[in-house]
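# Breakdown of the fold
Letter by letter, the chains look like this.
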Amino acid sequence: MRNKIRNVPFLENLVHFIADNAGKIISANNIAKFMRSHGESITSTGIINYIKYLCDAYIIHKVNRYDIHGKKLFESNDKYYFEDNGIRNALAGSSREGDIEKVIENIIYNHLIRLGYDVTVGQLKVGEVDFVCTKPEGRKVYIQASYIIADNATREREFGRLRAIKDNYPKYVISMTPLVTRADDNGIIHLHLRKFLTEGV
């Protein structure tokens, strides 16, 4: 009512789409193409407006992408996380088992906000860093979110991206890997999700 939305079915489809793609890079053009393939016709501008309404209502948070080496924000293709992970799960439906990495990433994002960090998504030539976190006084940390570090390929993917950042700010991989509470891997801290949620970084 506040935003005079007429196309309520589209708004519902949009919020379900974002729930299913939480933590993934989303563009208005890609959403428009997806909706057209399902018989919905709406402009990219309309989608941007609807997303803004969802952000203004504190249902989702928009997270910008940040070029770590170039030290600048990208102007398109952002990520979105839900204010309430339970709402996200209810909207996404399906099995939580298949969504575990999205759920973990959303939980970590929300806790970083509670800890007072300004959060962006880091972009490197070698790939993406899940979270670049900055405090108002300038303190910065880098964080990779993962479910379980079970093999060398996963370890190299998660730790390798952080090793590619050549500054001296703290770097963390947060996961649910069994038996790990806090471990140092050549200067990168591997932190269990539970320890992060109880003690921060």
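Above this text is the structure in question.
Scope of this entry: the structure provided in the associated data block. Please read all numbers here as calculations on a predicted model, not as lab measurements. (Residues numbered from 1 in each chain as written. Predicted model: local features only at pLDDT ≥ 70, side-chain atom pairs only at ≥ 80, totals over all residues. Heavy atoms only, no water.)

## Quick look at the pattern of salt bridges
Close approach of charged atoms allows side chains of opposite charge to pair. Under the defined criterion, the tally for this structure stands at 12 salt bridges. Note that Glu158 and Arg157 form a salt bridge whose closest N and O atoms lie 3.1 Å from each other. By relative accessible area, which is 6% here, Glu158 ends up buried. The shortest N-O distance in the salt bridge between Lys171 and Asp167 comes to 3.3 Å. According to the relative accessible area criterion, Asp167 is partly exposed, its value standing at 26%. Connected through shared salt-bridge partners, Asp20, Arg88, Asp99 and Lys102 make up one network. (Salt bridge = Lys/Arg side-chain N within 4 Å of Asp/Glu carboxyl O. Buried < 20%, exposed > 50% of the residue type's maximum accessible area, 1.4 Å probe, protein only.)

## A look at the nonpolar core
Grouped together as the largest cluster of nonpolar side chains are 22 residues, with contacts concentrated most on Leu14, Ile18, Ile31, Ile47, Ile51 and Ile60. Broken down by element, this core gets its largest block of residues, seven residues, from helix H1 (residues 8–20). Grouped together as the second largest cluster of nonpolar side chains are 20 residues, Tyr117, Val141, Tyr172 and Ile174 included. (Core = buried A, V, L, I, M, F, W, Y, C linked by side-chain atoms within 4.5 Å. Helix = DSSP H or I, 4+ residues; strand = E, 2+ residues; numbered from the N terminus.)

## Describing helix H4 (residues 85–92)
Taken residue by residue, H4 has Asn85, Arg88, Asn89 and Ala92 as its buried positions. Looking straight down H4, one finds its buried side chains confined to an arc of 95°; they lie on one side. On the buried face of H4, the contacting elements are H1, strand E4 (79–82) and helix H5 (100–114). The backbone nitrogen of Gly86 lies 2.7 Å from a side-chain oxygen of the residue at the head of H4, namely Asp84. Looking at the residues trailing H4, positive phi occurs at Gly93, about 65°. (Arc of directions from axis to C-beta. Contact = heavy atoms within 4.5 Å. Polar contact = N/O pair within 3.5 Å; in protein donor to acceptor, adjacent residues only side chain to side chain.)

## Description of the environment of Lys102
Among the secondary structure elements, Lys102 is positioned in helix H5. As a C-alpha pair, Lys102 and Ala145 span 43 residues in sequence and 9.4 Å in three-dimensional space. Residues within four places of Lys102 in sequence aside, it is in contact with Asp20, Ala22, Lys24 and Arg88.

## Observations regarding the side chain of Arg88
Topologically, Arg88 is positioned in helix H4. Given the relative accessible area of 0%, Arg88 is considered buried. A polar atom in the side chain of Arg88 sits 3.0 Å from the side chain of Asp99.

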